[in-house]
Amino acid sequence: MVTYTVDQILKCLDKAHGNLDFPGFNKINIHMVSARLTGFRSDTHWVIVFEQLENWYGLAGIQPVLAISAFSNRSDLENGLVETLFPVAIENENNWKHTNTLHLIIRGEALTLNTQLIERHHRWNFGFDLLVHLLPEYRSKMLATENELQVIASNDLLQVIQLDNWHHPDVFGWNYQADRHFQPSDAKSMQMIAKVLVTGDPNFYKPCEDPNVDWRKWMKS
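Predicted model, so just to flag it, every value in this text is computed and none were measured. (Residues numbered from 1 in each chain as written. Predicted model: local features only at pLDDT ≥ 70, side-chain atom pairs only at ≥ 80, totals over all residues. Heavy atoms only, no water.)

(A) Molecular detail of the environment of Thr145. Structurally, Thr145 is set in the loop between helix H4 (126-142) and helix H5 (146-153). For Thr145, a relative accessible area of 32% translates into the label partly exposed. On a C-alpha basis, the gap between Thr145 and Arg107 in space is 10.0 Å, while along the polypeptide they are 38 residues apart. (Helix = DSSP H or I, 4+ residues; strand = E, 2+ residues; numbered from the N terminus. Buried < 20%, exposed > 50% of the residue type's maximum accessible area, 1.4 Å probe, protein only.)

Structural data, given as structure tokens:
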């Protein structure tokens, strides 16, 4: 028998937003490029993991960042989990401008890039452009590994949903109908994902809002 409800999951996500822990794709000085959502469940516990590949210049310069946020009804995650990983190491970050060459290590794989061939999308943030450039070929390597996700979820939970694109609530935007900022529970996507976790049936997720997990939707100049 399932011991939690859709409403309880949504209230947990809204509480995380109230604590400023729920991931928003429109944060100042943090540029989201791609994201993934993974949900795990048993009859007694659920876990939602959000991953964001982002450029956070103030923290890491041009180095790509993997920000992980997890929420659950499990006691060890009742206050949420926020982790920052660095799947891409830049071996010459201090002198690449002199050579127009970047030497990277992506999950153990060496890669050399000619920076003059990287398309510019942002007028000043080269780290953003670098992450966009890496995305087509290296996205899966930069995201969390199956083992890293399982460490968060624990082995007794079953993965029931994983999304590379969905409608993510703009929790920094204003909900004029409710006369307040948007909350996670306002989004039909979050409501359906909660239903999937409660039932274990991924068919309850049927996209009905425009997907917005794409850097072009949140581009800051």
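(B) Structural context of the sheet that holds strand E4 (residues 81-85). Taken together, the five strands give an open sheet; going across it, the order is E4-E3-E2-E1-E8, and neighbouring strands pair in antiparallel fashion. Only two strands of the sheet have a single partner each, and these edge strands are E4 and strand E8 (158-163). Neighbour-to-neighbour, the strand axes of the sheet open up by a mean angle of 20°, direction not taken into account. With 10 bridges joining them, strand E1 (residues 31-41) and strand E2 (residues 46-55) adopt antiparallel strand pairing. Residue pairing across strands places His31 opposite Asn55, the latter belonging to E2. Each of E1, E2 and strand E3 (65-72) touches H4; the most contacted strand, E1, lies at about 30° to it. (Pairing = 2+ DSSP bridges. Axes fitted to C-alpha atoms, helices over the stretch in contact; angles between N-to-C directions. Contact = heavy atoms within 4.5 Å.)

(C) Local environment of helix H1 (residues 6-18). Here H1 is 13 residues long and its end C-alpha atoms lie 18 Å apart, about the 18 Å a rise of 1.5 Å per residue gives. Listed in full, the buried residues belonging to H1 are Ile9, Leu10, Cys12, Leu13, Asp14, Ala16 and His17. Buried positions along H1 lie against E2, E3 and helix H6 (188-199). Taken from the residues just after H1, Leu20 is the one with a positive phi, measuring 65°. (Expected span 1.5 Å × (residues − 1).)

(D) Here's a closer look at the nonpolar core. Ranked by size, the top nonpolar core spans 35 residues in total, and within it Leu102, Leu104, Leu130, Leu134 and Met142 carry the most contacts. Sorting the residues of this core by element identifies E1, E2, E3, strand E5 (88-90), strand E6 (101-106), strand E7 (109-114), H4 and H5 as the ones contributing at least two each. Here this core gets nine residues from one element, more than from any other, and that element is H4. Excluding its chain neighbours within four sequence positions, the residues that come into contact with Leu134 are Pro64, Leu104, Ile106, Leu111, Leu113, Arg139 and Met142. If you look at the next biggest cluster of nonpolar residues, it comprises 31 residues, including Met32, Val160, Met192 and Ile193. (Core = buried A, V, L, I, M, F, W, Y, C linked by side-chain atoms within 4.5 Å.)

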